[in-house]
Structure formats: C-alpha cells, structure tokens
Amino acid sequence: MLFNLFSKNPKNNTDSSPYLTLKVREIIKETPDATTIYFEQPEPHLDYKPGQFLTVIVDINGKEERRSYSLSTSPFVDPFPGITVKRLAGGLVSNYLNDQIRPGKKITVMKPLGNFTCDYHSKHQRTYGMIVAGSGITPVMGLAKSILVNEPESKVSLLYGSRSEEQIIFRDRLTALSHQFPGRLEIIHQLSRPADSWTGRKGRIAGETVRTFAESLLRDRPSDARFFLCGPNELMETATNVLLALGVDKESIVSENFYKEPEVIEELHAQEAAPIHKQVTIVLEGETHTYEVAPGKTILEAGLDENIDMPYSCQSGLCTACRGRLLSGEVSMTEDAGLSENEIAQGYILCCSSKPKAGDIKINIE
Ligand SMILES: Cc1cc2nc3c(=O)[nH]c(=O)nc-3n(C[C@H](O)[C@H](O)[C@H](O)COP(=O)(O)OP(=O)(O)OC[C@H]3O[C@@H](n4cnc5c(N)ncnc54)[C@H](O)[C@@H]3O)c2cc1C
Ligand code: FES
C-alpha cells in the first residue's frame, strides 16, 4: 500500500477525506530551477483530469504550509502522476520541494482540484491555442499530451515564453512530442533574456505577438478554436483582451492564475461593503459547525481560528480548495477566479474570499 487515506485532519484521515498521502517515486531536474516530482500510483489510481492541481501540505520549520501545484502529467499517457515545481527567489515551499524531496518521501496532498481542464472527443477537430510563460507550461503539458492522444483530428499550437534557453521547462519533451505527432503540435518559443546565439523570437510576449498567433489559428478553424492561458497575470490579461477583441467567445478561453499580488487582494477587500459580525454554519463531511465571523474576517479565517479543519490552499480565491455550496443566506465574495460560471450559478462560493452579508448563512463543504 503506497498511500494512506486519512480523515479530516491531514495527518489522520478517512475515505471521504479530501486528503491523501503520496509516496515520491522519482525526481527529474527539468531546468536549473524546476523539478518534476513523480509519485507512485496509489491504489485506487489517482483520479484526476489533465490540467488539475494537487495541494501539497508540508511542514517547514515546524509550521504547516500549503501550496498548489498543477499536475504536469496526463492520466491518459503517463503511468505515474507528477507535479513540476519552479523555484521562486525567496519562495519557501518551491525551494523546499526543489531541494529537500527525495524518492521514498511521503507527502500529504489534497486530492486533485481545478477547472483548467478540457473535454475530449475522438471526433473533435479543434485547434487549441496555448499561451503560457514560465511555470505556466505545467498544466498545459498534461493537457497537450491528452489532446494529442485523444483527438486525432485536433491540433495544438503552443506560444511559450521563457527567460532563457536553459530555463525552458520540458523543451526536449515537447520537441519529442512534436515528432511523435507530426503536423499536430506547433511550438513557438519566445525568450525574454536570450543569449546572443538565440535566433528565435525575443522579448516578452506582448499583445501584438498574441494577435498574430491567434489570428493564424482562427483563420484555420475559427469556430473550433479553444485557448488555454497560464502565466503572469499581465500576460493573461493582455491575451484575454486580444482574444475577445478578435471575437473569440469567453467560453472558449480558459485561464489559470497561479498568483495574486497581496496589494490586489487588499484593494479588493477595501472595495467591500461595511463588514458585519455574523454567525455562519458549515457542514463539513457530514459534521455541522456553527461559529461567529468577526467583521473583516473571511469565513475560512474564522473557521480556522475555531480549529475547524476546513480545506484550503492559496487563500487568494484562485485554487478552489475551500469551495463550498451556499445552502442559505448571502455572502460577499471578493474573488471567484477559480470557479466556473456554472459553479457560480449552482451557488458555489470560495470560503477564503467570502464574508457574511445577510440571512441565515449555511454552507456545505463536500
Ligand atoms: C492553481 C495553482 C496551480 C499552481 N501550479 C504551479 C505549478 O505547477 N508549478 C509551480 O511552480 N507553481 C505553481 N503554482 C504556484 C505555487 O502554488 C506557489 O505560489 C509558488 O511555488 C510559490 O510558493 P513559495 O512558497 O515558494 O513562495 P512564497 O514563500 O509563498 O512567496 C515568496 C514571494 O513570492 C511571491 N509569490 C508567491 N507565489 C508567487 C508566484 N506564483 N508568482 C510570483 N510571485 C509569487 C510572494 O508574494 C512572496 O513575495 C500554482 C498556484 C496555483 C494557485
Ligand atoms: S483557498 Fe484557494 S480558493 Fe480559497
């Protein structure tokens, strides 16, 4: 048995729990700053969609830290699930995972989550435009492999920004994939700080580059184009605006945010209506908890203060780990980027970004 199922507490959980423990199988250094951590396949096998992420829970200096990492593997292709972690200057968990993890180590994770995914059909004849930079390649790697094997008539075009040649994550593997699926995977590298010897595209990916890239895909199969964006917020905003201006439907653009600047979160909170003090009830894995949320606190923060083991990771409204369904009452949610429109319509909220607003607030967390 390679993993244990624990109950609500990540250290001690059961079958219905959002947590599981995975055993590290192999470590691959992708670039000087990025490492793929492959896990042994648990029994039953890890159930995930390409493009989803795991929330890694590690103890560093006696404190529990949680961070989300996209699965860079495909359940249709790769025998073992893996995440790829890019080191961030001064970053606590990304450096720990790059430096301290060895095969055999057991790591507690939250089960896969996320909406940066795709529906596949062998009859699809789509063009997929992937616009990514840096570690944004990780979920797209799993998506691209899955599309290439599941949709023989679809094509993938990747516009991929990196700092330098040695920082290109999965460079050789992408080239190998393009040989394995001739004419179906186009890769355009662009480097922001290339060496003099680099003869390819240079500079950061700007609006004009996105426009040229998207226009060529839309000429090919205008109604069957889908776009996946993952990278710095500025790139994703620019790319979204360019795609919308070119007439691409909102529903055909899927993006994944890895990070939100603290100033942006503060600004969102500053725009909120006057905070109120209110009691909320949450149902977590069948158990009911009622507690007070003080003004200015989120429903997640107040719940954690009460030592309720609510699931969470990014605490910025991006990862959906804290997702719950509002059964009654009203909340004000400052960030819903991680939720799909369908989830919002069904009443799902993110507890890390929600504060009480009105009524008898009851939330079910599955
Ligand atoms: C859904 C999702 C999927 C993700 N997938 C991946 C992945 O596949 N690979 C990967 O490497 N990372 C991924 N991330 C980012 C990852 O979760 C961490 O944010 C990142 O590794 C930094 O954590 P840290 O502990 O090293 O940095 P911290 O110690 O938390 O922060 C160090 C400094 O960097 C800033 N910072 C934190 N995160 C970022 C960031 N992402 N970009 C810029 N500045 C930042 C902080 O404000 C702080 O100043 C994902 C995030 C989300 C929400
Ligand atoms: S903890 Fe990530 S969305 Fe709430």
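The shown structure was predicted, so the numbers you read here are calculated from the model rather than taken from an experiment. (Residues numbered from 1 in each chain as written. Chains lettered and ligands numbered in written order. Predicted model: local features only at pLDDT ≥ 70, side-chain atom pairs only at ≥ 80, totals over all residues. Heavy atoms only, no water.)

It is worth spelling out the overall build of the chain at this point. Within the chain one finds eight helices and 17 strands. Taken over the C-alpha trace, the chain has a radius of gyration of 21 Å; the compact-globule value for 366 residues is 21 Å, and the two agree within 12%. Overall, the C-alpha framework of the chain stretches about 60 × 50 × 40 Å when taken along its three principal axes. Burial analysis of the chain (366 residues in total) assigns 50% to the buried set. Roughly 17000 Å² of accessible area belongs to the chain as shown, and the carbon and sulfur atoms make up 47% of that amount. Here the chain contributes 40 positive and 48 negative side-chain charges, whose respective centroids are spaced 4 Å apart. (Helix = DSSP H or I, 4+ residues; strand = E, 2+ residues; numbered from the N terminus. Rg over C-alpha atoms; globule rule 2.2 N^0.38 Å. Buried < 20%, exposed > 50% of the residue type's maximum accessible area, 1.4 Å probe, protein only. Areas by Shrake-Rupley, 256 points an atom, 1.4 Å probe, with all protein chains shown as cover. Lys, Arg positive; Asp, Glu negative; His and termini not counted. Charge placed at Lys NZ, Arg CZ, Asp CG, Glu CD.)

This part is about the sheet that holds strand β14 (residues 287–293). Sheet architecture is open: five strands sit in the order β14-β13-β17-β15-β16, paired in mixed fashion. Looking along the sheet, the strands with just one partner apiece sit at the ends: β14 and β16 (348–350). Taken over all neighbouring pairs, the strand axes of this sheet differ in orientation by 30° on average, direction set aside. Bridge count for strand β15 (residues 323–333) against β16 is three bridges, and the pairing is antiparallel. By the bridge assignment, G324 is partnered in β16 with I349. (Pairing = 2+ DSSP bridges. Axes fitted to C-alpha atoms, helices over the stretch in contact; angles between N-to-C directions.)

On to the domain arrangement of the chain, then. When cut into domains, the chain gives domain 1 (19–113), domain 2 (127–256) and domain 3 (266–365). Here the C-alpha centre of domain 3 lies 27 Å away from the C-alpha centre of domain 1. Around 610 Å² of area is buried between domain 1 and domain 3 when both sides are counted, 49% of it from carbon and sulfur atoms. The interface formed by domain 1 and domain 3 holds zero salt bridges in total. For the pair domain 1 and domain 3, the interface holds two residue pairs in polar contact (both at pLDDT 80 or more). Of all elements in the fold, only β3 (53–60), β4 (63–70) and β6 (106–113) reach the threshold of two or more residues within the side of domain 1 that touches domain 3. Here the side of domain 1 that touches domain 3 gets four residues from one element, more than from any other, and that element is β4. Split into classes, the residues belonging to the side of domain 1 that touches domain 3 amount to four nonpolar, two polar and three charged. (Domains from an automatic or database assignment. Buried area = accessible area lost by both parts, 1.4 Å probe. Salt bridge = Lys/Arg side-chain N within 4 Å of Asp/Glu carboxyl O. Polar contact = N/O pair within 3.5 Å; in protein donor to acceptor, adjacent residues only side chain to side chain. Nonpolar A, V, L, I, M, F, W, Y, C, P; charged D, E, K, R; others polar.)

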